[in-house]
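Here are the chains, one letter per residue:
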Amino acid sequence: MTDAADLRRRTAELLAAHPPATTGRLEFLRARFDAGLAWVHFPEGLGGLDAPRSLQAVVDAELEAAGAPGNDPGRIGIGLGMAAPTILRFGTDEQKQRLLRPLWTGEEVWCQLFSEPGAGSDLAALATRAVRRSGGDWIVDGQKVWTSSAHLARWAILIARTDPGLPKHRGISYFVCDMTDPGVEVRPLRQITGEAEFNEVFLTGVRIPDTQRLGEVGEGWKVAQTTLMNERVAIGGSRIPREGGMIGVAAADWRARPELRTHDLHQRLLKLWVEAEVARLTGERLRQQLTKGQPGPEGSGMKLAFARLAQEISGWEVEFLAEDGLTYDDWTMRRPDGVDFTGREAGYRYLRAKGNSIEGGTSEVLLNIVAERVLGLPPEPRTDKDVAWKDLPR
């Protein structure tokens, strides 16, 4: 049984064999993966040691103290938080061996081809078709939208309809799509911030080998649930220190600008600070639950709290800073590598936070998930549950 002492020993051996000061970043990350210290709860040979997930913090602390390079999780978050757990659970041995190592090291960026113009909140209504040819390959045609990092990605996790004669939650299959294949077109979507971190993706006659299917044919919705649950945990349950994240920026503004303080703003900041701390501690509890198995619908509740607090805190900050809160540094159209909520000005945070209640599942849909799957309330009537997708009105 691997324990903390064993992990410290293994980490010391990694650092001795690959000193961070003289080892290239990619070489070090590959060596860390091969040593089983990437994600210790993964199986041996796949970047882990079959150790308790909670012991990852031991490795991370040792490597941070030694100045070891990280794998830039902000840039490869979709791969780390969504693709990897899905591949681990449903992938073949060959898929795991091929995909997980370059995913973790950041050599191959991932994106998520789920949402469509007519299937966002009701994702199961998706219309992208995958038709199997006689040789076994699948030909995919359709359009996806709100795809983060598609302009950077080598791979995508993709769900497509393989049997329109079945009800919408059935007849969906799950694939790994090579974003460099012919027929994949990525177009930027400019946002309210002026940037285009999102994209729309057009798939025209894209050929996907059956060896790049995850799970059984027609069981893509089941596979997608693992991805979606992990996505919400990744968005709403990231580990931050006390008074970290956006509430930390707001508190720093308050301390730095005493001339702008009012009693009303003080009371509202105190309320937001308490709510942010409650959300942080709830996230800690959720991560402890994750060490015992797969994520549950509690991640939806965390994502709900994250979206609401991000919007309320950024709104408070803009109001507190008065005219300074309205400034914005650059409206130039850019395609960034990621989102920086704490390293930009208040105007950026206020505008970008508007998307938090949409991405990763709209707040309205997540409220239903929490009501039905966490609180056990009766589900809403669904008249389309047993109707073939091809017969649904559109």
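Reading the values: rules and limits
- Residues numbered from 1 in each chain as written.
- Predicted model: local features only at pLDDT ≥ 70, side-chain atom pairs only at ≥ 80, totals over all residues.
- Heavy atoms only, no water.
- Helix = DSSP H or I, 4+ residues; strand = E, 2+ residues; numbered from the N terminus.
- Areas by Shrake-Rupley, 256 points an atom, 1.4 Å probe, with all protein chains shown as cover.
- Lys, Arg positive; Asp, Glu negative; His and termini not counted.
- Charge placed at Lys NZ, Arg CZ, Asp CG, Glu CD.
- Salt bridge = Lys/Arg side-chain N within 4 Å of Asp/Glu carboxyl O.
- Phe/Tyr/Trp six-rings, centres within 6.5 Å; stacked < 30°, edge-to-face > 60°.
- Buried < 20%, exposed > 50% of the residue type's maximum accessible area, 1.4 Å probe, protein only.
- Lys NZ or Arg CZ within 6 Å of the ring centre and 35° of its normal.
- Core = buried A, V, L, I, M, F, W, Y, C linked by side-chain atoms within 4.5 Å.
- Contact = heavy atoms within 4.5 Å.

**Some details on the overall build of the protein chain**
Then, number 1: Helix and strand content of the protein chain: eleven helices and eight strands.
Then, number 2: Taken along its principal axes, the extent of the C-alpha atoms in the protein chain is 70 × 55 × 45 Å.
Then, number 3: Only carbon and sulfur atoms are counted for the fraction: they give 53% of the accessible area of the protein chain, which is about 18,600 Å².
Then, number 4: Distance between charge centroids for the protein chain: 3 Å, based on 50 positive and 55 negative side chains.

**Describing the pattern of salt bridges**
Then, number 1: The full count for this structure, using the stated rule, is 35 salt bridges.
Then, number 2: The partner of E259 in a salt bridge is R257, with the nearest N and O atoms 2.6 Å apart.
Then, number 3: By sharing partners, the salt bridges in this structure join D6, R9, R10 and E13 into a single network.

**Examining the packing of aromatic side chains**
Then, number 1: Applying the stated criterion across every chain, the model contains eleven aromatic pairs.
Then, number 2: Considering the side-chain rings of W146 and F198, the 6.0 Å spacing of their centres and the 85° angle between planes classify their relative orientation as edge-to-face. Remark: F198 occurs in strand β7 (residues 198-208) and W146 occurs in the loop between β3 (138-144) and β4 (155-161); sequence separation between them is 52 residues.
Then, number 3: W146 gets classed as exposed once you look at its relative accessible area, which sits at 51%.
Then, number 4: Look at Y328 and W331: their rings are 4.3 Å apart centre to centre, the planes differ by 35°, and that puts the pair in the tilted class.
Then, number 5: Y328 sits in the buried class, given a relative accessible area of 15%.
Then, number 6: Residue classification places W331 among the partly exposed residues on the basis of a relative accessible area of 46%.
Then, number 7: Geometry around F202 places R187 over its ring, the cationic atom sitting 4.0 Å from the centre.
Then, number 8: A cation over a ring is seen here: R344 above Y348, with NZ or CZ 4.0 Å from the ring centre.

**Let's talk about the nonpolar core**
Then, number 1: Counting 55 residues, the largest nonpolar core has W39, W110 and M179 as its most contacted members.
Then, number 2: No other element matches the seven residues that helix α4 (residues 77-90) contributes to this core.
Then, number 3: Ignoring anything within four residues of it in the chain, the contact list for W110 reads I78, G79, A83, I87, L99, L103, S149, A153, W155, A156, I157 and V176.
Then, number 4: With 19 residues, the next largest nonpolar core counts L269, A276, I313 and A346 among its residues.

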